[in-house]
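Inside the fold
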Amino acid sequence: MNVLGIETSCDETGVAVYSTEKGLIADALHSQVDLHAVYGGVVPEIASRDHIRCLLPLVEQVLGDAGIEKPDAIAYTAGPGLVGALMVGSGMANGLGLSWGCPVIPVHHMEGHLLAPMLEDEAPEYPFLALLVSGGHSMLISVSGLGEYGVLGTTLDDAVGEAFDKTAKLLGLGYPGGPALAALAEEGNDDAFALPRPMLNRPGYDFSFSGLKTAVMLEVRKTQDDDSYESRRADLAASFQRAAVDTLVGRTLQAARKEKLERVVIAGGVGANKLLRSEMAARFDGRVYYPRMAFCTDNGAMIAVAGALRLADAQSAGEIRAQARWSLNTLGPPERKVAGD
Ligand code: KG4
Ligand code: ZN
């Protein structure tokens, strides 16, 4: 079975084909970063319009690369995300499904991130602990099987990717801020500023990142008029990154120990952070899994593989699903439904 995956939840148009026999056979991505950079963040209307412009040519390109005329099923991101952007992918998936006579599989974007490591040769076995960290989410999830997700902790305010982006803005860096801040941090000293490690001493597994962002803001205000500010900026970036990573790794270790989980999966855009990867590997006794860098941030391959694992949920094309909000808790394992039910 060849599953076409379509991702349009935010500012990346991602399309891929995953074969249940051969694995990933084609993958393409169009990033809208340049379009949004001038505004300092994602502009939803521009995102929707660019998905409309790019999606069909990308589908044609990927089918050509895969050497197939049409897939056996189409998986698409049905939420959570920007509703206009989701509508484009959902409309396209359902339209193509109707014209090709093949079923569609609505995929939860965060389940896509969570299953992205399954694209790698050394995929994790269940059960595992997942640290899902992106621009919209920071979650610790106990995963006992496909769709069997126990959310142990989540963020009480900003998601960690959002905190990276906002802090980068404070430091005068461009959008998207995460990679820019990580690059600047490499030039700085990470213990130059004593920043808080929010929540680490509290019970439970929730996160909070807005206090850390505010602490950076106060330091910027104190030092931005000094001659030394230019070099202090790198120290601030490094100190922020170290505090955020310490918090994520500390919480993950607490949860893994308590839940007796020996495998940890790191997924989502912030999973591309090199310090997070190296610290988790150094401090966790068990095994750490992550997708390759390109599949940490949004992409079509993770949606195609999630669709292939959820073939049992395939349904007749025609219902355009696009949910801005959708809790991962509501998913459950795949159901054996007959297409058309
Ligand atoms: O998963 P993703 O592509 O989109 C969402 O579903 O949100 O994640 C994007 C987030 C952004 O906040 C971006 O700044 C962050 O991931 N990010 C990083 C890095 N690369 C991307 N944060 C820290 N370090 C990075 N290297
Ligand atoms: Zn994402």
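Residues numbered from 1 in each chain as written. Chains lettered and ligands numbered in written order. Predicted model: local features only at pLDDT ≥ 70, side-chain atom pairs only at ≥ 80, totals over all residues. Heavy atoms only, no water.

1. Points about the overall build of the protein chain
A tally of regular secondary structure across the protein chain gives 10 helices and 10 strands. Principal-axis analysis of the C-alpha atoms gives the protein chain an extent of 65 × 45 × 30 Å. Within the span of the protein chain, comprising 341 residues, buried residues form 56% of the whole. With the model as given, the accessible surface of the protein chain reaches about 14400 Å², and the carbon-plus-sulfur share is 50%. Counting 29 positive and 43 negative side-chain charges, the protein chain places the centres of these two groups 5 Å from one another. (Helix = DSSP H or I, 4+ residues; strand = E, 2+ residues; numbered from the N terminus. Buried < 20%, exposed > 50% of the residue type's maximum accessible area, 1.4 Å probe, protein only. Areas by Shrake-Rupley, 256 points an atom, 1.4 Å probe, with all protein chains shown as cover. Lys, Arg positive; Asp, Glu negative; His and termini not counted. Charge placed at Lys NZ, Arg CZ, Asp CG, Glu CD.)

2. Details of the packing of aromatic side chains
Applying the stated criterion to the full structure yields three aromatic pairs. With centroids separated by 5.9 Å and ring planes inclined at 20°, the aromatic side chains of F207 and F209 adopt a geometry described as stacked. As far as burial versus exposure is concerned, F207 and F209 are alike and both buried. The ring of Y290 is capped by R277, whose NZ or CZ atom sits 4.2 Å from the centre of that ring. Over the aromatic face of W326 sits the side chain of R321, whose NZ or CZ is 4.6 Å from the ring centroid. (Phe/Tyr/Trp six-rings, centres within 6.5 Å; stacked < 30°, edge-to-face > 60°. Lys NZ or Arg CZ within 6 Å of the ring centre and 35° of its normal.)

3. Observations concerning the environment of L114
Looking at the element boundaries, L114 is found in helix α4 (residues 109-115). Counting along the chain gives 43 residues from L114 to D157, while the straight-line C-alpha distance between them is 21 Å. The contacts of L114, once residues within four sequence positions are left out, are F128, A130, L132, I141, V143, Y149, V265, A267 and L328. (Contact = heavy atoms within 4.5 Å.)

4. A short note on the packing of helix α8 (residues 229-259) against helix α9 (residues 274-283)
At a minimum axis separation of 10 Å, α8 and α9 run at an interaxial angle of 40°. Relative to α9, α8 is oriented oblique. In terms of crossing hand, the pair formed by α8 and α9 is right-handed. Contacts between α8 and α9 involve Q241, R242, V245, D246, L248, V249, G250, T252 and L253 from the first element and L275, L276, E279, M280 and R283 from the second. A class-by-class count of the residues in the contact of α8 with α9 yields seven nonpolar, three polar and four charged. (Axes fitted to C-alpha atoms, helices over the stretch in contact; angles between N-to-C directions. Parallel < 35°, antiparallel > 145°, perpendicular 65-115°, else oblique. Left-handed = near helix turned anticlockwise from the far one by under 90°. Nonpolar A, V, L, I, M, F, W, Y, C, P; charged D, E, K, R; others polar.)

5. Digging into the sheet that holds strand β6 (residues 128-133)
One key point about sheets: their strands pair by backbone hydrogen bonds, in either a parallel or an antiparallel sense. With mixed pairing, five strands are arranged side by side in an open sheet as β8-β7-β6-β9-β10. The open sheet is flanked by β8 (148-154) and β10 (287-289), the only strands paired with a single partner. In this sheet, neighbouring strand axes are inclined to one another by 25° on average, regardless of whether the strands run parallel or antiparallel. Taken together, the six bridges between β6 and strand β7 (residues 138-145) define a ladder with antiparallel strand orientation. The residue bridging V133 from the neighbouring strand is S138, located in β7. (Pairing = 2+ DSSP bridges.)

6. Considerations on the nonpolar core
Counting residues in hydrophobic clusters, the biggest one holds 59 residues, and the most contacted among them are L4, I6, L114, I141, Y149 and L328. Among the elements that make up this core, the one with the highest residue count is helix α10 (residues 300-309) (seven residues). Each of domain 1 (2-115 + 296-330) and domain 2 (125-290) gives at least three residues to this core. Filtering out sequence-adjacent residues up to four positions away, L328 remains in contact with H108, M110, E111, L114, L132, M139, I141 and Y149. Listed in part, the 45 residues of the second largest apolar core include F164, L195, V245 and L261. (Core = buried A, V, L, I, M, F, W, Y, C linked by side-chain atoms within 4.5 Å. Domains from an automatic or database assignment.)

7. A short note on the domain arrangement of the protein chain
Looking at the assigned domains, one finds that the protein chain contains domain 1 (2-115 + 296-330) and domain 2 (125-290). A separation of 27 Å is found between the C-alpha centroids of domain 1 and domain 2. Contact residues are listed per partner, giving 19 residues for domain 1 and 23 residues for domain 2. Regarding the contact of domain 1 and domain 2, the summed buried area is about 1600 Å², with carbon and sulfur atoms giving 72% of it. For the domain 1 face of the interface with domain 2, the top three residues by lost area are M110, L114 and C296, together amounting to 38%. Linking domain 1 with domain 2 are zero salt bridges, by the criterion used here. (Buried area = accessible area lost by both parts, 1.4 Å probe. Salt bridge = Lys/Arg side-chain N within 4 Å of Asp/Glu carboxyl O.)

8. Describing the sheet that holds strand β5 (residues 104-108)
In spatial order, the strands read β3-β2-β1-β4-β5; together these five strands make up an open sheet with mixed pairing. Across the chains shown, the open sheet's two edge strands, defined by having one partner strand only, are β3 (23-31) and β5. Pairwise comparison of adjacent strand axes, ignoring direction, gives a mean angle of 20° for this sheet. Taken together, the eight bridges between strand β2 (residues 12-19) and β3 define a ladder with antiparallel strand orientation. Across the sheet, residue E12 finds its bridge partner in β3, namely S31. Sitting on the sheet, helix α3 (residues 83-100) is in contact with β1 (2-7), β4 (73-79) and β5, with an inclination near 155° to β4.

9. Remarks on the side chain of T8
Turning to its location among the elements, T8 is positioned in the loop between β1 and β2. In this structure T8 comes out as buried when scored by relative accessible area, which is 1%. Of the polar contacts made by the side chain of T8, one reaches the backbone oxygen of A85; its length is 2.8 Å. Here the side chain of T8 touches G89 through a polar contact of 3.3 Å, landing on its backbone nitrogen. Those residues in contact with T8 that lie beyond four places of it in its chain are T13, H51, L55, T77, A85, L86, V88 and G89. (Polar contact = N/O pair within 3.5 Å; in protein donor to acceptor, adjacent residues only side chain to side chain.)

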